[in-house]
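Coordinate inspection notes
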Amino acid sequence: KREGSTGMIVASLIFIILLLLQVPISFVLGITTIIYILLSGNTGLLATAPQRLYSGLENYGLLAIPLFMMAGELMNSGGITKRLIDFSKTLVGHFRGGLAYVNVISNMLLASIIGSATAQIAMMSKVMVPSMEKEGYSREFSASTTAAAGLLGPIIPPSMLFIIYGVASGASIGDMFLAGIMPGILLGIAFALLIAYVGFKQQWPRQQRAPFIAVAKSFLKVIPALLVPIIIIAGILSGAFTPTESAAVACVVALIVWMMYKELKREHIPSIMINTAVSTATITMLIAMANLFGWMLSFEQIPQSIATWMTSLTGNPWVFLFIVNIFLLIVGMFMDGIAALIILVPVFTPLLASYGIDPIHFGMIICINLTIGLLTPPVGAGLYIASVLGNVKLERLTKAILPFLAVSIATLLVITYWPQMILWIPNALK
């Protein structure tokens, strides 16, 4: 037992050091676990480690990840990003701070197709930051708006985080998709209100309103792309297909949209397949390593210790959720969201029944909380992407993004303490 405790302490120190050295999180989890096994003297566990890696991937729901990724790649390569931005411009471009609104709305529409914050931040930084700067917005504000709006990617369904949470907790992935609609809209409205305040304060100029015929034409161009989330949600609700099967349907619809737009060339397909394979392999590696790491924690009874400690702090569910939010915000500063999700869900899930917390409600809290971590230093991947592609110094971007982080956390608190707001859609449609 003493060897196990010593091994756990040393492994924890190595875990922190590797994170600070910015070693890829999947390698951090694997290396830490192997070091623990060697130091604790439980070398017999090495024989079953490969089985643990494989068993973490034996879940039918995980098939949705590569399929949704492929659908996103197909849609984006088919010119959908440009069409969504053009439609948003005709819709809200005439308001004060029009391009900032365009940024948020385009990300909301894109989120229903791609579902990845980092992918959206990367794509939109290349397009929106130069466009906004040309219209007189500061580069810091342009990059911070783009990075913040990218948070909508994993919140508005379909979402990789929702799939992984559903697999890890046993919660309905379909219900998670439905529950994500209101938080996504709420966060988008919160960003819009912040932009309105900044625009009024700085007296940004207004643009000319687009004629109705231009709005209608632009809308017609994006209808095929917007069919993807509509078909997914309608199919799940009607029982025509499961959430996993809906990912395959999304790929078929994306191919049809590609043929309608006629912008994707045949020679693009190999690169789409390669991008999908690489992205899937990255997430798969992370899930496998996180499962191995979670096995180590379970062996040392860390989840049970944390659960006992947290229940000793309070019996009030609202106080419990506040403590969880603080804890998750700190975790999100240092750990990748997917890895944190896989590790922490088994820790918190057994506590939900004793506090009377709905698993879908808690899923929204943990997914949104860890998504915010993409923009918090020192390990905020979204922050680094926006800094590099937006050509803004990280220090200046961090300062510029603070108002968006404040709005995001305020929205998180609304979601935390108003569960009916996010649960009424899945409950009403059951």
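Residues numbered from 1 in each chain as written. Predicted model: local features only at pLDDT ≥ 70, side-chain atom pairs only at ≥ 80, totals over all residues. Heavy atoms only, no water.

**Observations concerning the packing of helix H9 (residues 160-169) against helix H18 (residues 359-372)**
- As a packed pair, H9 and H18 sit with axes 10 Å apart at the nearest point and diverge in direction by 130°. The angle between H9 and H18 falls in the class oblique. In this structure, H9 meets H18 at a crossing whose hand is right-handed. Contact residues: Leu161, Phe162 and Tyr165 in H9; Pro359, Phe362, Gly363, Met364, Ile366, Cys367 and Thr371 in H18.
- Of the residues that constitute the contact of H9 with H18, the class distribution is eight nonpolar, two polar and no charged. (Axes fitted to C-alpha atoms, helices over the stretch in contact; angles between N-to-C directions. Helix = DSSP H or I, 4+ residues; strand = E, 2+ residues; numbered from the N terminus. Parallel < 35°, antiparallel > 145°, perpendicular 65-115°, else oblique. Left-handed = near helix turned anticlockwise from the far one by under 90°. Contact = heavy atoms within 4.5 Å. Nonpolar A, V, L, I, M, F, W, Y, C, P; charged D, E, K, R; others polar.)

**Overview of empty space enclosed by the protein**
- In total, this model carries one cavity of 30 Å³ or more according to the counting rule given.
- As a volume, the largest cavity reaches approximately 40 Å³.
- Lining the largest cavity, in full, are Leu151, Ile155, Pro183, Leu187, Ile368, Ile372, Ser408, Thr411, Leu412 and Ile415.
- Of all the elements, helix H20 (residues 394-417) adds the most residues to the lining of the largest cavity, at four residues.
- Grouping the amino acids of the lining of the largest cavity by side-chain chemistry returns eight nonpolar, two polar and no charged. (1 Å grid on protein atoms, 1.4 Å probe; cavity = no way out; pocket = protein on both sides within 12 Å on 5 of 7 lines; lining within 4 Å. Points joined across faces, edges and corners; volume = space filled by probe spheres on them.)

**Overview of a nonpolar patch on the surface**
- There is a patch of nonpolar side chains on the surface, built from Trp318, Phe322, Ile326, Ile330, Met333, Phe334, Ile409, Leu413 and Tyr417 and spanning about 760 Å² of accessible area.
- Residue assignment for the nonpolar patch shows that the elements contributing at least two residues are helix H16 (317-334) and H20.
- Looking at which element gives the most residues to the nonpolar patch, the answer is H16, with six residues.
- If you trace the backbone, Ile409 turns up in helix H20.
- Judged by its relative accessible area of 31%, Ile409 falls in the partly exposed class. (Patch = residues over 30% accessible without salt bridge, like charges linked within 9 Å, V, L, I, M, F, W, Y side chains within 5 Å. Areas by Shrake-Rupley, 256 points an atom, 1.4 Å probe, with all protein chains shown as cover. Salt bridge = Lys/Arg side-chain N within 4 Å of Asp/Glu carboxyl O. Buried < 20%, exposed > 50% of the residue type's maximum accessible area, 1.4 Å probe, protein only.)

**Side note on H9**
- Of all 10 residues that make up H9, seven are buried, and the element is covered over most of its length.
- For H9, the full list of buried residues reads Met160, Leu161, Phe162, Ile163, Ile164, Tyr165 and Gly166.
- Two or three places before Leu161, at the opening of H9, Ser159 has a side-chain oxygen 3.3 Å from that residue's backbone nitrogen.
- Backbone geometry just downstream of H9 places Gly170 in the positive-phi region, at approximately 85°. (Polar contact = N/O pair within 3.5 Å; in protein donor to acceptor, adjacent residues only side chain to side chain.)

**Structural notes on the packing of aromatic side chains**
- In the structure shown here, the tally under the stated rule is nine aromatic pairs.
- For the pair Phe320 and Tyr355, a centre-to-centre distance of 4.2 Å together with 10° between the ring planes defines the contact as stacked. Here Phe320 is found in helix H16, whereas its partner Tyr355 is found in helix H17 (residues 337-355), with 35 residues between them in sequence.
- The exposure class assigned to Phe320 is buried, which follows from its relative accessible area of 0%. (Phe/Tyr/Trp six-rings, centres within 6.5 Å; stacked < 30°, edge-to-face > 60°.)

**Considerations on the pattern of salt bridges**
- Evaluation of the coordinates by the stated rule reveals two salt bridges.
- For the salt bridge of Arg139 with Glu133, the shortest nitrogen-to-oxygen distance reads 2.3 Å.
- Between Arg396 and Glu140 there is a salt bridge whose closest N-O contact spans 1.9 Å. Remark: Glu140 occurs in helix H8 (residues 139-149) and Arg396 occurs in helix H20; sequence separation between them is 256 residues.
- Judged by its relative accessible area of 17%, Glu140 is buried.

**Focus: the layout of surface pockets**
- Its boundaries defined by the atoms lining it, the largest pocket holds a volume of some 1,300 Å³.
- Contributing to the lining of the largest pocket are 45 residues, with Ser116, Thr118, Thr282, Ile283 and Asp336 lying nearest its centre.
- The biggest single contributor to the lining of the largest pocket is helix H14 (residues 269-299), with nine residues.
- In this structure, the second largest pocket occupies an estimated 550 Å³ of space.
- Along the wall of the second largest pocket there are 20 residues; nearest its centre are Phe15, Phe293, Phe327, Val331 and Met335.
- Looking at the lining of the second largest pocket, the elements that each hand over two or more residues are helix H1 (2-20), H14, helix H15 (302-313), H16 and H17.
- Here the lining of the second largest pocket gets six residues from one element, more than from any other, and that element is H1.
- Of the residues contributing to the lining of the second largest pocket, the split by class is 18 nonpolar, two polar and no charged.

**A look at the side chain of Ser144**
- The topology assignment puts Ser144 in helix H8.
- Judged by its relative accessible area of 0%, Ser144 falls in the buried class.
- Every residue in contact with Ser144, bar those within four places of it in the chain, is listed here: Leu397, Ala400, Ile401 and Phe404.

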